[in-house]
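What follows is the residue order along each chain.
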Amino acid sequence: MKYNITVSKTKNSRLTEVDFDKIPFGRTFSDHMFVADYIDGEWTNLQIVPFSRFLMHPSGLALHYGQAVFEGMKASKGHDNRPYFLRPELHAQRINASAERMCMPTIPEDLFLQALHMLIALDQDWIPKKVGSALYIRPFMFANGEFIGVAPSDTYKFIIFTGPVGPYYPKPIRLVVEEKYVRAVNGGVGEAKAAGNYAASLLPAKLAKEKGYDQVIWMDPHEFKYIQEAGTMNLFFVIDGKVITPATDGAILKGITRRSIITILKDKGYTVEERLISIDEVVEAHKKGLLQEVFGTGTAAVVANVSDLTYQGVQYDLPAVEEHKVAALAREEINGLRSKTIPDERGWVVPVEGTVVASTSSSH
Ligand code: COI
């Protein structure tokens, strides 16, 4: 182990309080978290501690100017009862790409991975066993410099905490094309997993929910013609047997699940096109009876079936979700890799390794 990460274990595990058959997304948190501080140009105070609140200075920069980035990833239990990650290094790389865009320091990839392995090894009993459930992992970094002024912070905090989750969207979702607000433009921060992107999505999502939709489909900000993503997910369209997903052009989040699913589907013989796709093309395909499936992909969502989408007040119903064969295949492959029930031919599945060293107990 390259980095000296100290470990302070809780004396009061909350594990027995969890009903693993009923875990709402994002409401349950495991016993420990990893914390590090960026001070004087280096990452220091590397520690695993009991999960707890922490103090912020009222002028803490992230609270005002939004200098904050995060990741979403998962650990799962294989059928051999061992814990696994799926492509963890891609998450380390993406948080650094997000950090660079937000003028924040990067985290050495090996530090990110060591912290992750040690934390999940320690809290592995929190990983749900049910297929489709997982331990959600939330690495995030924020500016905690204590001054007022639009300038990069001089200090940052990096934290990883986790919690068991069930499916983000337990049933097929209803989407509506957003025709007023935009999520991101080329040259903006849409490609980064920056906290503010999600804050900006809340009002349009709330308005859509009031009308009975689960999410909006974000459109290009110039013509409202080309589809971007759904904010919580990348989008895929199956038209006449071909799979089409918007190309990540700088304004769309470079989804890791998206990337995996493109590879999986190509390996299975599907034609997958990453390109501009207009809402007119989707509507046209629907009119001709060629729009077979729409689904969203993301770490949280995994693969979410879309039951219908609405554009300019007209609702376009998709075929019954039982017929969404591509989405089902993609979901089975991701879940199968995570549960080790299908062979990992691409070397994506990484066993959680890590022994807990230098452990002290804490009464938190
Ligand atoms: C994820 O998919 O992990 C995200 O960060 C998006 C959010 C819907 C939880």
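Note that the structure is predicted; figures quoted are calculated from it, not measured.

Parameters at a glance
Residues numbered from 1 in each chain as written. Predicted model: local features only at pLDDT ≥ 70, side-chain atom pairs only at ≥ 80, totals over all residues. Heavy atoms only, no water. Axes fitted to C-alpha atoms, helices over the stretch in contact; angles between N-to-C directions. Helix = DSSP H or I, 4+ residues; strand = E, 2+ residues; numbered from the N terminus. Parallel < 35°, antiparallel > 145°, perpendicular 65-115°, else oblique. Left-handed = near helix turned anticlockwise from the far one by under 90°. Contact = heavy atoms within 4.5 Å. Nonpolar A, V, L, I, M, F, W, Y, C, P; charged D, E, K, R; others polar. Near = heavy atom within 4 Å. Polar contact = N/O pair within 3.5 Å; in protein donor to acceptor, adjacent residues only side chain to side chain. Domains from an automatic or database assignment. Salt bridge = Lys/Arg side-chain N within 4 Å of Asp/Glu carboxyl O. Buried < 20%, exposed > 50% of the residue type's maximum accessible area, 1.4 Å probe, protein only. Phe/Tyr/Trp six-rings, centres within 6.5 Å; stacked < 30°, edge-to-face > 60°. Lys NZ or Arg CZ within 6 Å of the ring centre and 35° of its normal. Buried area = accessible area lost by both parts, 1.4 Å probe.

## Looking at the packing of helix α2 (residues 88–101) against helix α3 (residues 109–122)
Piece 1. One way to put it is that α2 packs onto α3 with a least axis distance of 9 Å and a crossing angle of 130°. Classified by the angle their axes make, α2 and α3 are oblique. Crossing angle aside, the handedness with which α2 passes α3 is right-handed. Of the residues in α3, those touching α2 at Pro88, Glu89, His91, Ala92, Gln93 and Ile95 are Glu109, Phe112, Leu113 and Leu116.
Piece 2. Residues belonging to the contact of α2 with α3 are distributed by class as follows: 6 nonpolar, 2 polar and 2 charged.

## Focus on the site of the ligand
Piece 1. Taken together, Phe70, Gly72, Tyr136, Arg138, Tyr168, Lys193, Thr232, Thr299 and Ala300 form the complete shell of residues around the ligand.
Piece 2. Between the ligand and the protein, one listed contact pairs an oxygen atom with a side-chain N or O atom of Lys193 at 2.9 Å.
Piece 3. Residues belonging to the shell around the ligand are distributed by class as follows: 4 nonpolar, 3 polar and 2 charged.
Piece 4. For the shell around the ligand, the domains that each give at least three residues are domain 1 (6–166) and domain 2 (173–323).

## Points about the pattern of salt bridges
Piece 1. Summed over all chains, the structure comprises 13 salt bridges.
Piece 2. Note that Glu210 and Lys206 form a salt bridge whose closest N and O atoms lie 3.6 Å from each other. One end of the pair is Glu210 and the other is Lys206, both in helix α4 (residues 195–210) and 4 residues apart, which spans about a single turn.
Piece 3. Residue Glu210 is classed as exposed on the basis of its relative accessible area, which comes to 56%.

## Some remarks on the packing of aromatic side chains
Piece 1. Considering all chains together, one arrives at 16 aromatic pairs under this definition.
Piece 2. Centre to centre, the rings of Phe140 and Phe142 are 5.7 Å apart; their planes meet at 15°, and the pair counts as stacked. You'll find Phe140 and Phe142 in the same group, each marked buried.
Piece 3. The ring of Trp348 has Arg87 sitting right over it, with the charged end atom 3.9 Å from the ring centre.
Piece 4. The ring of Trp348 carries Arg346 above its face, with NZ or CZ at 4.7 Å from the centroid.

## Some words on the domain arrangement of the chain
Piece 1. For the chain, the assigned domains read domain 1 (6–166) and domain 2 (173–323).
Piece 2. With centres defined by C-alpha atoms, the gap from domain 1 to domain 2 works out at 27 Å.
Piece 3. In this assembly, 16 residues from domain 1 lie in contact with 17 residues from domain 2.
Piece 4. With both chains or domains summed, domain 1 and domain 2 bury close to 1,400 Å², and 61% of this area falls on carbon and sulfur atoms.
Piece 5. Viewed at the interface, domain 2 and domain 1 are joined by 0 salt bridges.
Piece 6. Taken together, the connections running from domain 1 to domain 2 amount to 10 residue pairs in polar contact (both at pLDDT 80 or more).
Piece 7. Broken down by secondary-structure element, the contributors of at least two residues to the side of domain 1 that touches domain 2 are β4 (68–70), β5 (73–77) and α2.
Piece 8. When residues of the side of domain 1 that touches domain 2 are assigned to their parent elements, the largest contribution, 5 residues, is made by α2.
Piece 9. Residue composition of the side of domain 1 that touches domain 2, grouped by class: 8 nonpolar, 3 polar and 5 charged.

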